[in-house]
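Chain by chain, the residues run as shown.
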Amino acid sequence: MSTNLKHVKSILLPPPYHMVGDGFRVHNFFPQLPVIGLTGMSPFFLMDYNSKWEVPASDRQRGVGVHPHRGFETVSIAYHGKIAHHDSAGNSGVIGEGDVQWMTAASGVLHKEYHEKEFSMKGGLFQMVQLWVNLPAKCKMTPAKYQAIENKDMGKFTLDGGKGIVEIIAGEYNGVKGPAFTFTPMNVFNAKLSKGATADFSFPSNYNTGFLVIDGEVSVNSEKPASEDSFIYFENKGTEIRLEARKDSTVLILSGEPINEPIASHGPFVMNTDEEIKEAYEDYYNGKFGYLED
Ligand code: MN
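These numbers were taken from a predicted model, which means no experiment stands behind them. (Residues numbered from 1 in each chain as written. Predicted model: local features only at pLDDT ≥ 70, side-chain atom pairs only at ≥ 80, totals over all residues. Heavy atoms only, no water.)

Draft legend 1. Inspection of the overall build of the chain at higher detail. Assigned secondary structure in the chain consists of two helices and 26 strands. Taking 19 Å as the expected radius of gyration for a compact globule of 294 residues, we find that the chain reaches 19 Å, a close match to that expectation. Its C-alpha atoms put the chain at 55 × 45 × 35 Å along the principal axes. Restricting to contacts in the chain with at least 6 residues of sequence separation, those with at least 24 account for 71%. With an accessible surface of roughly 12,500 Å², the chain has 50% of that area assigned to carbon and sulfur atoms. Of note, the chain has its 27 positive side-chain charges centred 3 Å away from the centre of its 36 negative side-chain charges. (Helix = DSSP H or I, 4+ residues; strand = E, 2+ residues; numbered from the N terminus. Rg over C-alpha atoms; globule rule 2.2 N^0.38 Å. Contact = heavy atoms within 4.5 Å. Areas by Shrake-Rupley, 256 points an atom, 1.4 Å probe, with all protein chains shown as cover. Lys, Arg positive; Asp, Glu negative; His and termini not counted. Charge placed at Lys NZ, Arg CZ, Asp CG, Glu CD.)

Take a look at the structure:
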């Protein structure tokens, strides 16, 4: 392994959770935490992490009602439980356990997101991540679209000795590509390692990089351990990372080329200027995002 290590800048514990609607109990690692802020994980703008939550059975589907998005993509990764969605273009579907929905809101969409019906009625363990992936200015007003990425569609790299697997959602790992189309270069992987296993990663030094510990306990580059629900945030220098599982572990791996453009964000919109935010609200209030029943 090269000695050009990408060192840990900090291991961040999950900030207190807040509710998004009544269905998502999320810790916002960014942009809320000042060490990362608006641009420290660019092109990833936001990460809401719904840590493990035993959801009681309910006749009513918990979730968040109709709301707009513009200027970015929402990427929903389901680890436990199932999420249903509907949008103003007539699309709907279910994100199953282990699956990903990559929604390009771009010029605009209205949608609602909630627990899937059968899951709601039974209740059970719920754990997911929602990322907001920013778009470069020239792509912000392109048409909305979806990529439904089932677990079976993901690239799979089996580690030596079968002690783990890296699922490639976007980008490339050891020659295996992920299915997601992205507007800018990025890597989104799930690393699932048995206790004692290691996996080596190499990302360009300027790529913003962070690992979220979904399950278990890991260390990187033989530094101090990171426990479940913590986020390992890396320096923008060096390239090589060795991930070591101290328990059976699942880790969400994010690394992407920063989009070096101004950010204006408010509520559900991520644009480049305040004027564009104002336009987004005007278009929303004038019905230009379409219609969706609550
Ligand atoms: Mn949404």
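Draft legend 2. Main features of the coordination of the manganese ion. On the protein side, the manganese ion has His 67 (NE2), His 69 (NE2), His 111 (NE2) and Glu 113 (OE) as donor atoms, found 2.1 to 2.4 Å from it. Mapped onto the sequence, the residues coordinating the manganese ion show the spacing H-x1-H-x41-H-x1-E. You can call His 111 buried: its relative accessible area is 1%. (Donors = N, O, S within 2.8 Å, 3.2 Å for Na, K, Ca; no water. Buried < 20%, exposed > 50% of the residue type's maximum accessible area, 1.4 Å probe, protein only.)

Draft legend 3. View of the pattern of salt bridges. In the structure shown here, the tally under the stated rule is twelve salt bridges. Between Lys 52 and Glu 228 there is a salt bridge, and its shortest N-O distance comes to 3.1 Å. Residue Lys 52 is found in strand 4 (residues 44–55), and its partner Glu 228 is found in the loop between strand 21 (226–227) and strand 22 (231–234); the two are separated by 176 residues along the sequence. Classification of Lys 52 as partly exposed rests on a relative accessible area of 29%. Between Glu 282 and Lys 278 there is a salt bridge whose closest N-O contact spans 3.9 Å. With Glu 282 and Lys 278 both in helix 2 (residues 274–285) and four residues apart, this pair spans about one turn of that helix. On the basis of relative accessibility, which here comes to 39%, the residue Glu 282 falls in the partly exposed class. Taken together, the salt bridges that share partners define one network made up of Lys 52, Asp 215 and Glu 228. (Salt bridge = Lys/Arg side-chain N within 4 Å of Asp/Glu carboxyl O.)

Draft legend 4. Structural context of the sheet that holds strand 9 (residues 100–104). Within the open sheet, the seven strands sit side by side as 2-3-4-11-6-9-12. Their pairing is antiparallel. What marks the edges here is a single partner per strand, and that holds for strand 2 (18–20) and strand 12 (145–149). On average, each strand axis in the sheet is inclined to that of its neighbour by 25°, with strand direction left out of account. (Pairing = 2+ DSSP bridges. Axes fitted to C-alpha atoms, helices over the stretch in contact; angles between N-to-C directions.)

Draft legend 5. Representation of the side chain of Glu 113. Structurally, the position occupied by Glu 113 is in strand 10 (residues 109–115). Side chain to side chain, Glu 113 and His 67 meet in a polar contact 3.0 Å long. Within the structure, the side chain of Glu 113 is placed 3.0 Å from the side chain of His 111, a separation counted as a polar contact. The residues touching Glu 113, leaving out its near neighbours within four places in the chain, are Phe 24, Gly 63, Val 64, His 67, Ser 76, Ala 84 and Gln 130. (Polar contact = N/O pair within 3.5 Å; in protein donor to acceptor, adjacent residues only side chain to side chain.)

Draft legend 6. Here's a closer look at the environment of Pro 16. Its place among the elements puts Pro 16 in the loop between strand 1 (8–12) and strand 2. Looking at Pro 16, the relative accessible area reads 69%, which means it is exposed. Separated by twelve residues in sequence, Pro 16 and Asn 28 place their C-alpha atoms 8.2 Å apart. Leaving out residues up to four positions away in the same chain, Pro 16 has contacts with Val 26 and His 27.

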